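Structural features, examined
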Amino acid sequence: EEMKEDSAEDEEDDIAKYEKEDNDAINEEDNKASNEEDEEEEEDEEMKEDSNEIEGESDSQENDSEEMNSEDAKESNVRKQIEKAKEAKDKEVSLDDIKKKFKGLFNRLSEGNIEIIFEQAVQMVRAISKSPASLKEFQQIVIDAYLLAAVLPVHPLSNLQPVYCAFMIALSRILGDNFLITVLKDVYRNFLNEAEAIESSSVRKNSLYALRCFYQLGAIKAELVLEILGELLKDLTPSNIDVMSHYAQNVGLDLRKEQPLKLKLFIEAAEEKLAELVAEDPVKKRMEYFVEILQEVRNNKKQTLHDMLKQKVQPFITWLKSNRIVSSINAGPVDLNLQALMEAPSKSLETKVIQRDVLKKLAREGDLKGEMALLEDIAVEQKMNTQIKKLIFTTMMTAIDHVDAFEKLIQLSLTSAQEREIVRVLVNCCGQEKYYNKFYAALGWKLCEYKNDFRYTFKYVMWDHMKNLHRYSLRKINNLARFFADMLHTFALPIAILKALEFQTMSQYQTIFLNIVLEEIFKM
């Protein structure tokens, strides 16, 4: 029993012990669970705080992006406005820019590029013709630029006067007679405004040389020239006598044809002036030389010299007749005497005298600048990079037919070295055509008929092409072969040119070329 009681007590102790351990374990688990819950709550709070921070950052980023977008929008609007303003400014024709451009045009103006320079000037006229006020200022800018280049230089410019005068006459056919009258009046006023400065004599000579060229180019009549010479005869200075001698040599026979009676009276007045001079007078020898020239003009003994001097002006007379813009405008000489010229209103540049029909004609023909730019781009693509090649190319491409092209090319008055470029450009254009065009053979025949030098140039050019046939397409070989066959058929070129081919070692391209040449000749 005691043992039972002891065992019962031990069991109760064990049970209590186990229960205590279980309770401790449960308490520990509860504590752990509560700790885990606390940790989870803390993590949740931290996550909420982080999310709030992220949301705050995102909100701030959104606000920043909105601000940046608004700033970018403002900047883009400002840029657009600036670009629009620049475009509007570019569209407006600045008179200051025109002044600089015309000064550059006159500095570059020469016999070889007068056609190109004039076309650039016509584009300026068309651009500014919409504004009457600007057009009036534009005309005065042109006159000032002309006087600065042709009349006011320190040295006499007798050789360059025909170029400047032809350019101004062509412009006057677009801008009207009052423009030319103002030019003549300003030129003569510079002659009258004598100063004691060193350059006064050169200004006087340049003014009178310019008036002489205007007369030779058909802008003024013989009466006005004789009146000017009469004014010079009243004051026998060495400079005036030299200028009168220059007039007598260059235009004396022309004055004799147009106004023989007035010229006779002028010669008699000059002889009387000579008789009045004493032997010691320093200008007597100059005057005797001048009177001798006048007597030879009266007796028609200066024809050879006159013809030789007129050759300097003849290319510009031909250019005024052949220029496609102004050749169709009937513009006679200014019918004014010296008194009427000087009494003309100062700077009479009324816009109503503008040749509106000329501008309409230019508009119907299309934008000249765009057309010339397109042709120049095509010329550059075909490796015609020099100004002479571009000029020849545009002349050929704008011609009506081969006769018109031949006349325009001859009127360019190129040197012998520059004329060789005509043949090179012609053959190159023929090879580049999509289909063979007989225009080039007809033009080549006209050139060879005109001058034998073109035959030699064609020979060497064809030799160069025959040696490089392996580099060409079949289309180009076909065009060159048919061109050569046409030139042989018209006897413009000899068949001996084929000796450049090595018949025993010909390439397949040279064989194709020769076959086409012979087939075309047999067909003819």
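Below you will find a few notes about this structure.

About the criteria used
Position labels on residues start from 1 in each chain and follow its written sequence. Local features are withheld for residues below a pLDDT of 70 in this predicted model, meaning they are given only at 70 or higher, and side-chain atom pairs are given and counted only at 80 or more; totals for whole chains, interfaces and linings count all residues. With hydrogens and water stripped out, all remaining heavy atoms of the structure feed into the side-chain values. Labels follow the DSSP assignment, with helices taken as runs of H or I lasting at least four residues and strands as runs of E lasting at least two, numbered in each case from the N terminus. Buried means the residue's accessible area, taken with a 1.4 Å probe over protein chains only, is under 20% of the maximum for its type, while exposed means over 50%, and partly exposed covers the values in between. Any two residues having at least one pair of non-hydrogen atoms within 4.5 Å are treated as being in contact. Under the convention used here, a 1.4 Å probe and the Shrake-Rupley method define accessible areas, while residue burial counts only the protein chains that appear. Structural elements are reduced to axes, namely lines fitted to C-alpha atoms, with helices fitted over the stretch in contact, and the angle between N-to-C directions of any two is expressed from 0 to 180 degrees. By the definition used in this description, the sense in which the near helix is turned from the far one sets the handedness, with an anticlockwise turn below a right angle giving left-handed and a clockwise turn giving right-handed. Amino acids are sorted into nonpolar (Ala, Val, Leu, Ile, Met, Phe, Trp, Tyr, Cys and Pro), charged (Asp, Glu, Lys and Arg) and polar (every other residue, Gly among them). What makes a nonpolar core is a set of buried Ala, Val, Leu, Ile, Met, Phe, Trp, Tyr and Cys residues whose side-chain atoms join them at distances within 4.5 Å. A helix's residues, less one, multiplied by 1.5 Å, set its expected span. Note on terminology: angles under 35 degrees are roughly parallel, angles over 145 are roughly antiparallel, angles of 65 to 115 are roughly perpendicular, and the others are oblique.

Focus: the overall build of the protein
When you go through the protein residue by residue, the secondary structure sums to 23 helices and 0 strands. The buried share of the protein, taken over its 524 residues, is 40%. For the protein, contacts bridging at least 24 residues in sequence account for 77% of all contacts bridging at least 6. Accessible surface for the protein amounts to roughly 30300 Å². Of this, 49% is attributable to carbon and sulfur atoms.

Examining the environment of E231
Here E231 lies in helix α8 (residues 222-234). Owing to a relative accessible area of 36%, E231 belongs among the partly exposed residues under this scheme. Considered as a pair, E231 and L338 are 107 residues apart in the sequence and their alpha carbons are 9.9 Å apart. Excluding its chain neighbours within four sequence positions, the residues that come into contact with E231 are Y188 and L338.

Some details on unusual backbone geometry
Residue F491 is not a glycine yet carries a positive backbone phi of 60°. Its place among the elements puts F491 in the loop between α22 (474-489) and α23 (508-523). Owing to a relative accessible area of 69%, F491 belongs among the exposed residues under this scheme.

Here we look at the environment of K101
Mapping K101 onto the fold places it in helix α2 (residues 95-108). According to the relative accessible area criterion, K101 is partly exposed, its value standing at 48%. Each C-alpha atom of the pair K101 and M124 lies 9.6 Å from the other, and the pair is 23 residues apart in sequence.

Description of the packing of helix α3 (residues 114-128) against helix α5 (residues 161-175)
Interaxial distance between α3 and α5 falls to 11 Å at its minimum, and their mutual angle equals 35°. Judged by the twist between their axes, the crossing of α3 over α5 is right-handed. Within the contact between the two elements, α3 uses I114, I117, F118, A121, V122 and V125 and α5 uses V163, A166, F167, A170, L171, I174 and L175. Residues of the contact of α3 with α5, tallied by class, amount to 13 nonpolar, no polar and no charged.

Here we look at the nonpolar core
In terms of nonpolar packing, the biggest core is built from 91 residues, with F102, F106, Y146, F167, F214 and M287 touching the most fellow members. Element by element, the count of residues in this core is highest for α5, at 11 residues. Not counting the four nearest positions on each side in its chain, F106 is found in contact with V142, A145, Y146, A149, Y164, F167 and M168. Grouped together as the second largest cluster of nonpolar side chains are 51 residues, A399, L469, A485 and V517 included.

Observations regarding the side chain of E421
Turning to its location among the elements, E421 is positioned in helix α19 (residues 416-432). With residues near it in sequence (within four places) discarded, E421 still touches I388, K389 and I392.

Re helix α20 (residues 439-450)
Counted at 1.5 Å a residue, the expected span for α20 with its 12 residues is 16 Å, and the 17 Å between its end C-alpha atoms agrees. Buried residues of α20: F439, Y440, A441, L443, G444, L447 and C448, and no others. Check the buried side of α20 and you find it contacts α17 (387-397), α18 (402-411), α19, α21 (453-467) and α22.

Comments concerning α21
Helix length check: α21, at 15 residues, gives a terminal C-alpha distance of 22 Å against a target of 21 Å (1.5 Å per residue), a fit within 8%. Within the sequence span of α21, burial applies to F454, T457, F458, V461, M462, W463, H465 and M466. Residues of α21 that are buried make contact with α19, α20, α22 and α23.

Points about the packing of helix α10 (residues 260-276) against helix α11 (residues 284-298)
The interhelical angle for the contact between α10 and α11, taken along N-to-C directions, is 155°, at an axis separation of 10 Å. As judged from the angle between their axes, α10 and α11 are roughly antiparallel. As for the relative orientation of α10 and α11, their crossing is left-handed in sense. Across from L263, F266, I267, A270, E271, K273 and L274 in α10, the residues of α11 making contact are K284, M287, E288, F290, V291, L294, Q295, V297 and R298. Looking at the contact of α10 with α11 residue by residue, the classes come out as 10 nonpolar, 1 polar and 5 charged.

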